[in-house]
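In case you want the letters, here they are:
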Amino acid sequence: MKEALELLGRVPGHPDSRCWFLAWSPGGGLLASCGGDRVIRLWGREGTGWSCRAVLGEGHQRTVRRVAWSPCGSFLASASFDATTCIWKRQEDGFECVTTLEGHENEVKSVAWAPSGTLLATCSRDKSVWVWEVDEEEEYECVSVLNSHTQDVKHVVWHPNQELLASASYDDTVKLYQEEEDDWVCCATLEGHESTVWSVAFNRSGERLASCSDDKTNHLRRVLVSDPNRHPTPPARFSRRGSPQHCVPSRCHLTGALATACGDDAIRVFEESASSNPHQPTFALAAHVPRAHSQDVNCVAWNPKEPGLLASCSDDGEIAFWKYQRPEIC
């Protein structure tokens, strides 16, 4: 199955440091990376390879854990272990840090923009999820602090079309949030994992939510935006086997393939079986690269415009670029 995922090239993304996360710009032309060296790097194609276009290094004092592009592509948010989130604005000559969001007591683990571009969510080791509102003057105001989790919150992600927010935590659950009567509330708790939920990802329509856990399983659930607390069917479960360490999913909105980055140094790609029930889908392992990196793989990210282009990053500091071709067996 290795031939289904072809290595295109590698770059020393964050030398002598961990590379924690990758995020493609909405247009697919730039890849943002962040790491333990406290900087953000922007990468673009150069011939048949990739080169560093910019280094954003004046915003944070500690590890940068996550980056996220605004839907318009003009802003980049970065979440750091220094308990702050920086907002970088695209200028004619590069990116400038225009705002620093403060308030979390501990490391900020994740940041995500709502599809409207007017809301931003952050989460932290302090067990909280914050919702920020952005006005027309590009001012940011915290409009809600959500304390629904009982442990470190690892990840936040927005529904692709609605203002529905999901979070994953060390308390083994996924929480969903909606605005009700001018305040944000937890509207559903998704249980079933037996250990830390590392990450969650919606599919393109937002009808399904994938979660990856330390219990060696991925769950896929149907989500009803009109009633997030009601689950028509139990979650589909598929085992990753191998290492029980961290796993992060990335759903390709162009092809539907689900890629995972794991603590066993491997990348796996899953495809929904052609004969599976859409209400209770089954998945097959379509590609597996056991030694994709020399250390833990921290993130995989599908390009939003080029089908099959996948980027990965690792504790080894490298960024790898892959081309995925769907095998005939799927």
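Figured I'd write up the structure that's included with this text.

Calculation rules
Residues numbered from 1 in each chain as written. Predicted model: local features only at pLDDT ≥ 70, side-chain atom pairs only at ≥ 80, totals over all residues. Heavy atoms only, no water. Pairing = 2+ DSSP bridges. Helix = DSSP H or I, 4+ residues; strand = E, 2+ residues; numbered from the N terminus. Axes fitted to C-alpha atoms, helices over the stretch in contact; angles between N-to-C directions. Patch = residues over 30% accessible without salt bridge, like charges linked within 9 Å, V, L, I, M, F, W, Y side chains within 5 Å. Areas by Shrake-Rupley, 256 points an atom, 1.4 Å probe, with all protein chains shown as cover. Salt bridge = Lys/Arg side-chain N within 4 Å of Asp/Glu carboxyl O. Lys, Arg positive; Asp, Glu negative; His and termini not counted. Charge placed at Lys NZ, Arg CZ, Asp CG, Glu CD. Buried < 20%, exposed > 50% of the residue type's maximum accessible area, 1.4 Å probe, protein only. Core = buried A, V, L, I, M, F, W, Y, C linked by side-chain atoms within 4.5 Å. Contact = heavy atoms within 4.5 Å. Phe/Tyr/Trp six-rings, centres within 6.5 Å; stacked < 30°, edge-to-face > 60°.

**Observations concerning the sheet that holds strand β9 (residues 94-101)**
Picture the strands of a sheet paired through backbone hydrogen bonds; they go either parallel or antiparallel.
Phase 1 of the analysis: Taken in spatial order, the four strands of this open sheet run β6-β7-β8-β9, and their pairing is antiparallel. A strand with exactly one partner marks an edge of an open sheet, and here the two such strands are β6 (64-69) and β9. Averaged over neighbouring strand pairs, the angle between their axes works out to 25° when direction is ignored.

**What about a negative patch on the surface?**
Phase 1 of the analysis: Among the surface-exposed residues, Glu-133, Asp-135, Glu-136, Glu-137, Glu-139, Glu-141, Glu-163, Glu-179, Glu-180, Glu-181, Asp-182 and Asp-183 lie close enough to one another that they form a single negatively charged patch.
Phase 2 of the analysis: Mapped onto the elements of the fold, Asp-182 is located in the loop between β16 (174-180) and β17 (183-190).

**A few points about the pattern of salt bridges**
Phase 1 of the analysis: Overall, the coordinates contain twelve salt bridges when judged by the stated rule.
Phase 2 of the analysis: A salt bridge links Arg-41 to Asp-37; the nearest nitrogen and oxygen atoms lie 2.9 Å apart.
Phase 3 of the analysis: Judged by its relative accessible area of 18%, Arg-41 is buried.
Phase 4 of the analysis: For the salt bridge of Arg-291 with Asp-265, the shortest nitrogen-to-oxygen distance reads 2.7 Å. Taken together, the residues span a long stretch of sequence, with Arg-291 in the loop between β25 (283-289) and β26 (297-302) and Asp-265 in the loop between β23 (258-262) and β24 (267-272) at a distance of 26 residues.

**What about the sheet that holds strand β12 (residues 129-134)?**
Phase 1 of the analysis: The strand order across the open sheet formed by four strands is β10-β11-β12-β13, and the pairing between neighbours is antiparallel. Sheet topology places β10 (108-113) and β13 (140-146) at the edges, where each strand pairs with a single neighbour. Within the sheet, the average angular offset between the axes of one strand and its neighbour, ignoring direction, is 20°.
Phase 2 of the analysis: Bridge count between β10 and strand β11 (residues 119-124): five bridges; the pairing is antiparallel. Residue pairing across strands places Ser-110 opposite Cys-123, the latter belonging to β11.

**Considering the nonpolar core**
Phase 1 of the analysis: One finds Leu-22, Ile-40, Val-67, Leu-76 and Ile-319 to be the most contacted residues of the largest nonpolar core, which totals 30 residues.
Phase 2 of the analysis: At six residues, the largest contribution of residues to this core is made by strand β2 (residues 19-24).
Phase 3 of the analysis: The residues touching Val-67, leaving out its near neighbours within four places in the chain, are Phe-21, Ala-23, Ala-32, Cys-34, Ile-40, Leu-76, Ala-77 and Ser-78.
Phase 4 of the analysis: Membership of the second largest hydrophobic core comes to 19 residues, among which are Ala-261, Val-269, Ala-286 and Ala-292.

**Things to note about unusual backbone geometry**
Phase 1 of the analysis: Backbone geometry at Arg-38 places phi at a positive 75°, although glycine is not the residue there.
Phase 2 of the analysis: Here Arg-38 lies in the loop between β3 (31-35) and β4 (40-46).
Phase 3 of the analysis: Here Arg-38 falls in the partly exposed class, since its relative accessible area comes to 43%.
Phase 4 of the analysis: Notably, Asp-172 is not glycine yet its phi reads approximately 75°, a positive angle.
Phase 5 of the analysis: Inspection of the secondary structure assignment puts Asp-172 in the loop between β15 (165-169) and β16.

**Digging into the pairing of strand β8 (residues 85-91)**
Phase 1 of the analysis: Summarising the sheet, strand β7 (residues 75-80) and β8 pair through five bridges and their orientation is antiparallel. Within β8, the position partnered with Ser-78 by the bridge is Cys-86.
Phase 2 of the analysis: The pairing of β8 with β9 spans seven bridges and is classified as antiparallel. By the bridge assignment, Lys-89 is partnered in β9 with Glu-96.
Phase 3 of the analysis: Between β8 and β9, which pair antiparallel and follow one another directly, the connecting turn spans two residues.

**Some points on the environment of Val-108**
Phase 1 of the analysis: Turning to its location among the elements, Val-108 is positioned in strand β10.
Phase 2 of the analysis: Placed 39 residues apart in sequence, Val-108 and Asn-147 show a C-alpha to C-alpha distance of 14 Å.
Phase 3 of the analysis: For Val-108, the contacting residues outside a window of four places in its chain are Arg-65, Ala-79, Ser-80, Phe-81, Ala-83, Thr-84, Thr-85, Thr-122, Cys-123 and Ser-124.

**Things to note about the packing of aromatic side chains**
Two numbers describe a pair of aromatic rings. These are the distance of the centres and the angle of the planes.
Phase 1 of the analysis: Scanning the model with the defined rule gives nine aromatic pairs in all.
Phase 2 of the analysis: Aromatic pair Trp-113 and Tyr-140: ring centres 6.5 Å apart, planes at 70°, arrangement edge-to-face. Here Trp-113 is found in strand β10, whereas its partner Tyr-140 is found in strand β13, with 27 residues between them in sequence. Across this residue pair, the class does not change: Trp-113 and Tyr-140 are buried.

That's the geometry; what it means functionally is another story.
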